[in-house]
Amino acid sequence: MSEPLTAWERCVEFHGHACPGLAIGVRACEAAKEKLGITFARDEEVVCIAENDACGVDAVQVLTGCSIGKGNLILRNTGKMAFTFFCRARNSGVRLVFKRPFAREGVDREAMQQLILSAQLAELFDCKEPVHAPPVRARLFASVVCEQCGESCAEHTARLQGGKKVCLDCFADYSRGW
Ligand SMILES: [Zn+2]
Ligand SMILES: [Zn+2]
């Protein structure tokens, strides 16, 4: 029997390549597990707000079960290497901000990745209080039919344009013309 894949290997398989960014994501999940006691989320009991859409977000999806499809992974792209995790059952959360401890000249990507994977968590992340409250649970929205293209869209994405309910595509078309 072959050895089960490690967390790192599972993430590399999903992401498609090994890189320092993915390593940051893996260690952030490890820190979240340590701080909040979370395990893999089958539903929405764990929520992650990612402040970037870089490689590390893929590790979050594989290891914590926070995903776009379940609505418990929220991208709030400020371009910061930071991840906030919430555990609903314990009503607790932590914001992990990567400290870039190895951003030195002469450290190549491969070495950087190894350093990130082997460092103490405290060397890698500042643990802060979450800035935002955890989002409300994902809801099923009613849908409306766009009065311009006839396609249906979730009610909360619809816009009013000239008194008509329109989808974001039709709304964007309109604003692009000006
Ligand atoms: Zn990558
Ligand atoms: Zn439309």
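Residues numbered from 1 in each chain as written. Chains lettered and ligands numbered in written order. Predicted model: local features only at pLDDT ≥ 70, side-chain atom pairs only at ≥ 80, totals over all residues.

Caption draft 1: Quick peek at the domain arrangement of the protein chain. Partitioning the protein chain into structural domains gives domain 1 (7-128) and domain 2 (143-176). The gap between the C-alpha centroids of domain 1 and domain 2 is 36 Å. (Domains from an automatic or database assignment.)

Caption draft 2: Quick look at helix α1 (residues 7-15). Along α1, the positions that sit buried rather than exposed are C11, V12 and H15. Axial view of α1: buried residues confined to an arc of 100 degrees, hence all on one face. Residues E9 and E13 are exposed on α1 and point more than 90 degrees away from its buried face. Where α1 is buried, its residues contact α2 (20-36) and α3 (56-64). Phi turns positive one or two residues past the end of α1, at G16, with a value near 105 degrees. (Buried ≥ 20, exposed ≤ 12 C-beta atoms within 10 Å, placed from the backbone. Helix = DSSP H or I, 4+ residues; strand = E, 2+ residues; numbered from the N terminus. Arc of directions from axis to C-beta. Contact = placed C-beta atoms within 7 Å.)

Caption draft 3: Unusual backbone geometry, seen in detail. Residue N91 is not a glycine yet carries a positive backbone phi of 55 degrees. In this fold, N91 is placed in the loop between β3 (82-87) and β4 (92-98).

Caption draft 4: How the structure looks around the packing of α2 against helix α4 (residues 109-118). Two elements in contact, α2 and α4, have axes separated by 8 Å at closest approach and are oriented at 5 degrees. With respect to each other, α2 and α4 are oriented roughly parallel. Along the contact surface, α2 presents P20, A23, I24 and R27, while α4 presents R109, M112, Q113, I116 and L117. Here the residues of the contact of α2 with α4 are counted per class, giving six nonpolar, one polar and two charged. (Axes fitted to C-alpha atoms, helices over the stretch in contact; angles between N-to-C directions. Parallel < 35°, antiparallel > 145°, perpendicular 65-115°, else oblique. Nonpolar A, V, L, I, M, F, W, Y, C, P; charged D, E, K, R; others polar.)

Caption draft 5: Summary view of the sheet that holds β3. Read from one edge to the other, the open sheet built from five strands follows the order β2-β1-β3-β4-β5, with strand pairing classed as mixed. The open sheet terminates on both sides in strands that have one partner only, identified here as β2 (73-75) and β5 (125-128). Averaged over all pairs of adjacent strands, the angle between their axes in this sheet comes to 20 degrees, without regard to strand direction. Running over the sheet, α2 touches β3, β4 and β5 and is turned about 150 degrees from β4. The sheet contacts of α3 involve β1 (46-50), β2 and β3, and relative to β1 the element is tilted by about 175 degrees. (Pairing = 2+ DSSP bridges.)

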